[in-house]
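Descriptive analysis of the structure
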Amino acid sequence: MKKILAVGCCAALSLVSVLGAGCGDTGGADKGEFLGLEKGEAFTTDSEVSITLTRPTGNDAQEKWWTDTIAAFNQDFSGRIKVSCTTLTRGNGREYEQNISLQASSGTISDVLYLDGPFISTYANAGVIIPIDNYIYEGYTDDFLPYVNEQNTYNDRLYALSIVDSTVCVFYNKEILKSKKITVPDKIEDAWTFKELKEIATSLTSSIGNKKTCYGLQIAGDAGEWLSYAFTPLWTDGVIDAEGKATAGYLDGNAGVEAGMYLRSLVKDKAVSSSASGKDFSASTPLAAMALTGTQNVSEYLALGDKMQDWGVTFYPADEEGNIAAPCGGWTLGITKNCSAEKRVAASEFIKYCTSVEACESCARDTASPPSRKSLYDTMPEYSDSTNEMYPVYSIIKAQLLRSAQLRPKTVGYEVFSTEMSKALNNILRGTDYDSQSKIKERLTTAAQLIDKSIAQITIY
């Protein structure tokens, strides 16, 4: 059996070169061959089926939701299915994906895997995960956001289901912006452009006595994959070709150089700190008047109590034509090839349990994350009831995801893509030698060459 070819780029060796467990094998079932349970049909068995799950560690709210949900599932399916869970550290250096890949290579991977959405193509192509459309009854996915289903599809086969989603917004301190008479858009049609965001942020940067400068904007995310996630929409011509195989001429094309120049100008014009990235948002001890950050930080509001109203959220910036392409996509559940054929119906029942309307709602509420199901945006008070105290925040997120969501690139080489793009952006933001178009283009071209060389050496099945 063939393996994924070793990659000629050390940045990708952590993941792509060790995958090869299934070589694109679809698990033995053709598309359209239904092997699961119909809607309302109960799972029966002569003896209890044991299912293993691997997921990354999360914050306190996420850990509690998983613990409670697995316990509830095991109780509801007592004597029929029992799920045990192993957690691995995520980190910013791909520790989780590295561990998963090593387990896949050694044949010790769990039955069910919780993985970041853009890795679907990588793991599906390598045969680490199998299609689950054989086990999901017709109509089950109709309630999920269309782009969520698209994220979880590879080669026209569904490989995973999502519980919640994510996006990137602008968080802002209400008092600071009010004192400067800055009007914050509350309609997506009026969203600031990237140019306006920079101008506003520059005007808000100030020094207070001898204290540390309070910047207008904080890029509040880690210096790893988050940077490529947050800023890919700046590449208005796209960052990769339609087949997900080549970034040359895209990542380092004219739009890419303009994007790099814009990011560099944020630092040069003191709109953001020269450190620019690598720290997460903190509403209680803000580093800036505004923060470009992810929806995971809505939980920061909930921790503020009475001070929650000090902060607000507005839309991800638009391009100069007023178009918003907001980052989106979240973690997702799939079945691995290690899960024996006899256990796959049980594994799919666990995945359906975790992605039911009730589970998606509880996870969205408990972890302050946008739900993956469309119907919940009409039924959860946070998103539908203007008298709810969180409605001003969640209504922004709702409008953004329902009208302007843009998936991360779908490519079998996502790890090397996100790693090399993020390294380049981090250099441009924090480096000392990127004040010219030629230097920025050179850095983006270096990244594109590494990415394309890596993808070219991956066997695509």
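Read on for an overview of the structure. These numbers were taken from a predicted model, which means no experiment stands behind them. (Residues numbered from 1 in each chain as written. Predicted model: local features only at pLDDT ≥ 70, side-chain atom pairs only at ≥ 80, totals over all residues. Heavy atoms only, no water.)

Thoughts on helix α6 (residues 194-204)
- Among all positions of α6, only Phe 194, Leu 197, Lys 198, Ile 200, Ala 201 and Leu 204 are buried. Down the axis of α6, the buried set is contained in an arc of 165 degrees. They therefore lie on one face.
- The secondary structure elements touched by the buried residues of α6 are β8 (168-173), α5 (174-179), β9 (215-220), α8 (254-268) and β10 (288-294). (Buried < 20%, exposed > 50% of the residue type's maximum accessible area, 1.4 Å probe, protein only. Helix = DSSP H or I, 4+ residues; strand = E, 2+ residues; numbered from the N terminus. Arc of directions from axis to C-beta. Contact = heavy atoms within 4.5 Å.)

Some remarks on the sheet that holds strand β11 (residues 311-314)
- Overall, mixed pairing links the four strands, which are arranged β9-β10-β8-β11 in an open sheet. Bordering the open sheet on either side are β9 and β11, each of which pairs with just one other strand. Within the sheet, the average angular offset between the axes of one strand and its neighbour, ignoring direction, is 25 degrees.
- Taken together, the four bridges between β8 and β11 define a ladder with antiparallel strand orientation. Counted as the bridge partner of Phe 171 is Val 313 from β11. (Pairing = 2+ DSSP bridges. Axes fitted to C-alpha atoms, helices over the stretch in contact; angles between N-to-C directions.)

Points about the side chain of Thr 314
- Relative to the helices and strands, Thr 314 resides in strand β11.
- Those residues within four positions of Thr 314 in sequence are excluded, and the remaining contacts are Cys 169, Val 170, Tyr 172, Val 184, Pro 185, Trp 192 and Ile 396.

Structural notes on the side chain of Asp 111
- Within the secondary structure, Asp 111 is located in the loop between α2 (95-106) and β3 (112-116).
- At 3.2 Å, the side chain of Asp 111 and the side chain of Lys 343 are in polar contact. (Polar contact = N/O pair within 3.5 Å; in protein donor to acceptor, adjacent residues only side chain to side chain.)

Some points on the environment of Arg 94
- Relative to the elements of secondary structure, Arg 94 occurs in the loop between β2 (81-88) and α2.
- Sequence separation between Arg 94 and Thr 419 is 325 residues, and the spatial gap between their C-alpha atoms is 9.2 Å.
- Apart from the residues within four sequence positions on either side, Arg 94 is in contact with Phe 119, Glu 225, Tyr 414, Glu 415, Ser 418 and Thr 419.

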